[in-house]
Each structure stands twice: as C-alpha cells, then as structure tokens.
Amino acid sequence: MTGADERTTVRNPAVDRRVRGEALEGGAAGLDVAALLARTGGDVAAPERESQGGARSMDAGGNGAARLDETGPAAPPRDPDALAAAVTAVANRFTATPLDPDADFFDAGGTSLAAVEFVAALARELDIHLDLDTVFFDARPRRLAQRWLADHPEAALAQQKPETERDTDDLAQLFTDLAGADRLPLVAAPERVAPRRILLTGATGFLGSHLLLDLLRHSQAHVVCLVRADDDQDAARRLEDAVRRFALPWSREILRRVTPLAGDLRLPRLGLSDDQWKTLAAEVDSIVNAGAAVDFLRGYPSLRRTNVLGPLTLAELACIDRPKPLHHISSLAVFNGTDAATLNEDDPTAHVATLPIGYDRSKWAAEAVLRRAGEHGLVVTILRPGGIGSHPETGAHNPRDLNAGITAALLRFRTAPGFRYLNAAPVDWVSRVAAQIVGTPSAWGHTYHLTGAPTSLDQVIAETTLGGMGIRVQHWEQWCDDVVRAIREEPVPELESLAQVLQSPVARRQLAAMVTAPPASAARTEAFVTANGLPAPAASGAARGRMLAAMASFGPQPGDEPYLRFDETLTGTVGPVGSDADIPCDLRLTLSVASGAQVFTARTLDVTGELTCARLHDEPLTVEGTATVRPHDGIPLRHEVRHPLMHYRLTLRDSSGGEWWLEGYKFAAARRRFVRQLGTQVIEIGRAGETASYRGEVAVPMHTYLPDQIDGIRIDPRLPERQQRLAKLLWLSWFGGQLGKGLMEPILRVGIDLLDLRRAARKEHRR
C-alpha cells in the first residue's frame, strides 16, 4: 500500500492540468520526465558514464556524430530532433514494426526483454544511459531524448535556452484523456434484447480467447473479432493461433460464426476506413472490450492509447447509429492503494494519486471515461476480474500474468510472498460469467467482481501442503530479492520477465499493493450466478494438479533438494534367461519426489542408487530412473493375471560408460502374505539396445522396511517443522492407500469371477 509520503498531489495550483496534458501530447521540447518517474516511484536515470577513450567528432552544425569507433561510443547528438532520430534508429532494431520518434516502443511490438537490449544498445552506441523504468514509463524515442537532455543540460546546444522546471506528472495527461468523453453525443438507452452481432476486442488474449468461445457456446450471436493484423486473412490466422495456444478448440464451424477484422484498438476509429467504421457501427448491436495492454512496468503515457483511448473509441462507436451496450473488462487494480476493509462492487475506487503504477491508473482512467459516457446515456457494464487463474481442465495459463509468475516462482523455489488475500478465479469461470452477463439484458449497466471467494494465505499454505508442496512464506520485499537472485544465479530463463518486474521499484509498489489488498466482495455477481444456474469456480485438488502439471517446466529442477525421499533396499538373485536364478543381486535405492504435482498427478517417483551384481560388473553400477505407483491404473499386463503395484524403469551405468537397463514390477495377487507382495519385485536386466539377458526376483528384507520406508522418510529441511510432519503423514496416507487399493483389486476380481461362475452354474443347473 502506498505510504502517505509517497502520494502524488492531484492538483498543482501552479499548473492547469488540461493545458499541461495537451502540451505533453503536443511534443514540446525539454520536458522533464524525471519528475514523472519521481512521482510514480521510479529511479532517475543512471548517471552518465565517462566514455573509455571514445572518439567524439562534431558535425558542421555542432551535433555529435552518432557513430561508433574502435574505442567506444560516439557522442550523442546535441540537437533534440537529431537525438530523437538517433534514438529512434536504435529502437527500430528491437521492434516488430517500424516506429517514428513519437510512437511508443511497446506499441510497435517491443517486449520487456527487447527493452533491456534497447537500453544496452543506447549506452553502447550513443553513450546514453537510461534506466529501464525511464523506458517503461514513456517509451517514445522523442520523450527519451528530451529526458536525457533535461538531465544533461551541458549536452544541449549553446543557443538553446534551458526550460524551467515543469510539472510533467502523468496525471495531467490522464485528466486530458478523461475530457475526451465530454465530446460524446447524448444517446437514448439501447434496446434490451439479447445481442445478435457482437464486436469483441482482445480475442487473441488469454481471457479474450476463452470469452470468444463462451459467447459462441452460450448465445446465438455472431462475433466480430477486432485483431491487430495486416489484413483480415492475417487476423484470422492470428485468432486461430491464439485460440489453439490456450488449448481451446478451433474448427470451421467456429469460423462460420466469427468474422476476424483487421484493426487496432489504439488508433482513431480502430484503424478502420470510413466505410468500415460506418458499417461496423450499423451492424453490431453489442460491444465487449477485453483488449488491454497488461504490463506492470510501463507508465501511463505508454499504456493510455490501448487502455484508455481504446475504450473511449469503443464508446464513440457505441453512440453511432443505434445505441449499443458496452461491456468493459476492467480490473480490481482500480482499488490498489485503498484503505477499505473490503472491496465491494459499488464502492468508490481508489484515489487516482494513490494508485501505484501506470497500469492501475490506466484501468482507473478507462472506468472514469466510461462513467462519463454513461452520463451521456450509454449503457456501460464494468466487469472486474482479480487474478485470472489457469483453466482447471486444460491447465492453460497466461505466462505473462503476474499471478502466474508468482505461481511459477512458488513451484520453482517453494516460496511465496506473505499476502492477506488472493482475489482470483480460474479463467473458465471468469469467461463463463462474463459471457452470461453480456447475453442477459437485465444484467447490463452494473459493476461485477469476477473474483470468486477470496483465498487467504492460510488456505494457500494448507492446500499446497495437502498437494505435496510445502512452501516458505517471506516478507514480500525479501521474497522479491531472493527470487530475483535465484533466477539470475541458476539461471532460469523462463522466469527472466518476472525478475525484470521484481527488480523495478515501480512494479514493486504494485506487488506491495497486491499483498496488502483486502478481500473482494462480489454480492451482485454471486446473486447473478445463482439466479442463472452457473457453476461455482473450480477449486478441487484435481484442478490444481492439472494446473501444476501444465506449469511443470517451472518446477523443481535436477539437483534441487527433493520434497520427500526415502531409501529402499532389495536383495535377491538373478540368472540368465531360461536358467536358474542363482546369482546374488542387491540394490540400494533412494526414491524421491520433487513436488506434489509429480506424484499426485503422474504417480511417479525418481529413483537413484546402485546395483551390485558380480556377474554384470565387478564394481557397483549407478542407478537412475523412475518408479510408477499402480501403473496402468492397476490393470493386469497382457498374459498376466496379477495386478501391477509398482513399475521400475531404471538405467544402470558403470564407470567407463557401459550401460544396461532394468525393468521391474511389484505385483499383487489374491493370496496370503500381503506384506511380502509389497516388497517383492520381478526384474529383467539387459544391455542397452538388447533384449533381456537376466531375469530374477529381489525383495525388501523385512528388518529394513520400517527404518527405511517409514521412519527414514526425509522431508525438505527448508520447510517448517509442522509442514514436514504433515507432509510425511500425507505421503504415508496416499502411498498406503494406493498400495492398499492395488492389493484389493485381485481379491475383488476373484470375488467377481466366483460370482460369475455361480451364475453360470445356476444357468447350467436350470437346463
């Protein structure tokens, strides 16, 4: 939560914000972006570094030539326009589409990683040293050039007069943007009927893709999808790729009810021609805005075109021809910084000056713009998700989402920041409820929280422990430092974008707001869900297991301390295939579980150790492989009546690189000596790439079972003692239950066979 000393003044008496906002947009030279960064929590640019003997030549106009010789970077141009052009030239190497000096780096396709490379290139080639927060705040090359010149007045041309200090707070631009809604016409209320033709933005995003499918499944409407693309064919390809990327179905039948439309939410009239704009306004009878730039590092100036001017353009479209309802996907981020005990659907949003980052302010401004549009007669529905979790069936998730990043860090490092509540719901539920609201005219014009029941920190700890993944809870600042350090030291490239976010002072303020957020109330949403017979958000252990499995690449890696491990000793004899088994064979194994997702979803354990068998090799062979609990769900193998309890697939290696394979089964049969069956393994051994050479049987000596597999269970020592005890109890319950089920299956099968025989005998007797 933002401290009182960090809050930005809403109104500076010395500055007319509307005039200042227009000046900001107009591109006046000499603007001090450092003031903007100071007000949003970012650091000022890094001090200029002395070039290491770099040659600096001046052109006829007194500008430093932007060239690089063997000794270092050239001096940056001293004229603002020339410097902006030089910065633009560098930026264009890292964007998907060309940009001009007044275009935003990220709007042109630049990514967070590309921004890192861009900053490095500016330092290396132009000797311009900017920090990342400066670029993320306002990524237009001209603004970056003005920022650098303002911090280095000695580099400006002598004939240029330095400008006096100005208030360049992004709130000036924000209030100018809000005034755009005042130009909307007054309109009558739309007809309250289910929509037949819907315009959907953001359909290539995580929520938007799911929302598209739910609109098609649960309505008769045709959906026009606005997609940023070169043409309609490219829009169709991008839309299909996005839907498939999130494990959703795609077919010709879907495309029959979808019209991909190439356009751009950031541009006036959506980047459409006059004829396209008029046709769209006449044909669609509902607008759903799921499009947004979600980036916790970028400042308001960098996000406003998509997140504020885009909704304003849609409001303009909704007013043209016949009035249309507008449904806007907002965010609980509009409450960040509030001191409220709960977040109710009709509560006032946070004071705009307390919102910690540009993303929060852009979502606040979008709602404010649409509230003003509502005063002009437009019917606006605000839908506020919190965190949007993975799909409980497919495990599909948004890898760029901050909540997904925290989950990935939890999986990888088994640690989480201490928070009060998580206001989050799975994407399928958020999408389903949103689609139902869009198709229910009586629900229009209200605000809904699509969050499900808030989850406390204690619940998360309990559920992750029950799921076989104990976690450590840290203060959020310590958590940030430790996670960034771990990502960089290992390294973990998949989480590099999370490290960038956690390194940013601006983004850390967002995290601080998240961890102190109060629970969200969703009384209106809950009443709507109940009245329409919609399901509650999925929160089962199986659903979480699928999510964890889908994010397994972020989980513990080889060499990490396992979550749980125990030893297993097996002794017995083997012999050549077809001969007596009279050759001693001993195995000393360690079975381990890296995470609960590994064992509870795939039922596999990692196996390491050594095998001693003089016939195979004079020295012990190292062992590595996996063991599966109740393989094939306990169904007997072909030509086998016994039920498999465990399946071992192991690789054996000697010190010189020689390799063998070992495959073993523990079976259950309808006989006495249950404990003996649990510890006996039938094994086959062969050279790599060859058929089995040896076959035999090994068993767990009874005197080792208790000290190795019960008392000898070892839990990750980093976990608190209470979680260690609970983890051991859960493992014994689950593992014992699986083996017990495996032992009962052959007995039940015999019982069924006896009943079948009895029925057959009765039929025969009647004959």
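Use the structure listed above.
Basis of the calculations
- Residues numbered from 1 in each chain as written.
- Predicted model: local features only at pLDDT ≥ 70, side-chain atom pairs only at ≥ 80, totals over all residues.
- Heavy atoms only, no water.
- Helix = DSSP H or I, 4+ residues; strand = E, 2+ residues; numbered from the N terminus.
- Contact = heavy atoms within 4.5 Å.
- Areas by Shrake-Rupley, 256 points an atom, 1.4 Å probe, with all protein chains shown as cover.
- Buried < 20%, exposed > 50% of the residue type's maximum accessible area, 1.4 Å probe, protein only.
- Phe/Tyr/Trp six-rings, centres within 6.5 Å; stacked < 30°, edge-to-face > 60°.
- Pairing = 2+ DSSP bridges.
- Axes fitted to C-alpha atoms, helices over the stretch in contact; angles between N-to-C directions.

## Points about the overall build of the protein
Within the protein one finds 25 helices and 22 strands. Put simply, 71% of the contacts in the protein that link residues at least 6 apart link residues at least 24 apart. Of the roughly 33,800 Å² that the protein leaves accessible, carbon and sulfur atoms contribute 52%.

## What to know about unusual backbone geometry
A cis amide bond links Glu-490 with the next residue in sequence, Pro-491, at an omega value of -15 degrees. Residue position: Pro-491 is located in the loop between α17 (476-489) and α18 (496-503). Of note in this structure, Asp-127 is not a glycine but carries a positive phi near 60 degrees. Within the fold, Asp-127 resides in the loop between α4 (112-126) and α5 (132-137). Positive phi is not limited to glycine here, since Ala-247 has a value of about 60 degrees. Here Ala-247 is to be found in the loop between α9 (232-245) and α10 (252-256). Owing to a relative accessible area of 43%, Ala-247 belongs among the partly exposed residues under this scheme.

## A short note on the packing of aromatic side chains
Taken as a whole and judged by the stated rule, the model has 11 aromatic pairs. On the basis of an interplanar angle of 90 degrees and a centroid distance of 5.3 Å, the ring pair of Phe-105 and Phe-106 is categorised as edge-to-face. With respect to burial, Phe-105 and Phe-106 carry one shared label: buried. Through pairs of rings, three or more aromatic residues link up here, namely Phe-94, Phe-105, Phe-106, Phe-118 and Phe-136.

## What about the sheet that holds strand β5 (residues 326-329)?
Taken together, the 7 strands give an open sheet; going across it, the order is β3-β2-β1-β4-β5-β6-β11, and neighbouring strands pair in parallel fashion. Each edge of the open sheet is held by one strand with a lone partner, namely β3 (258-262) and β11 (447-450). Neighbour to neighbour, the strand axes of the sheet diverge by 20 degrees on average, direction disregarded. Note: strand β6 (residues 380-385) against β11, 4 bridges, orientation parallel. Its bridge partner lying in β11, Ile-382 is registered against Thr-447. Strand contacts of helix α8 (residues 206-217): β1 (197-201), β2 (222-227), β3, β4 (286-289), β5 and β6, with the helix running at about 170 degrees to β1, the strand carrying the most contacts. This element, helix α15 (residues 427-438), spans β1, β4, β5, β6 and β11 of the sheet and lies at about 160 degrees to β11.

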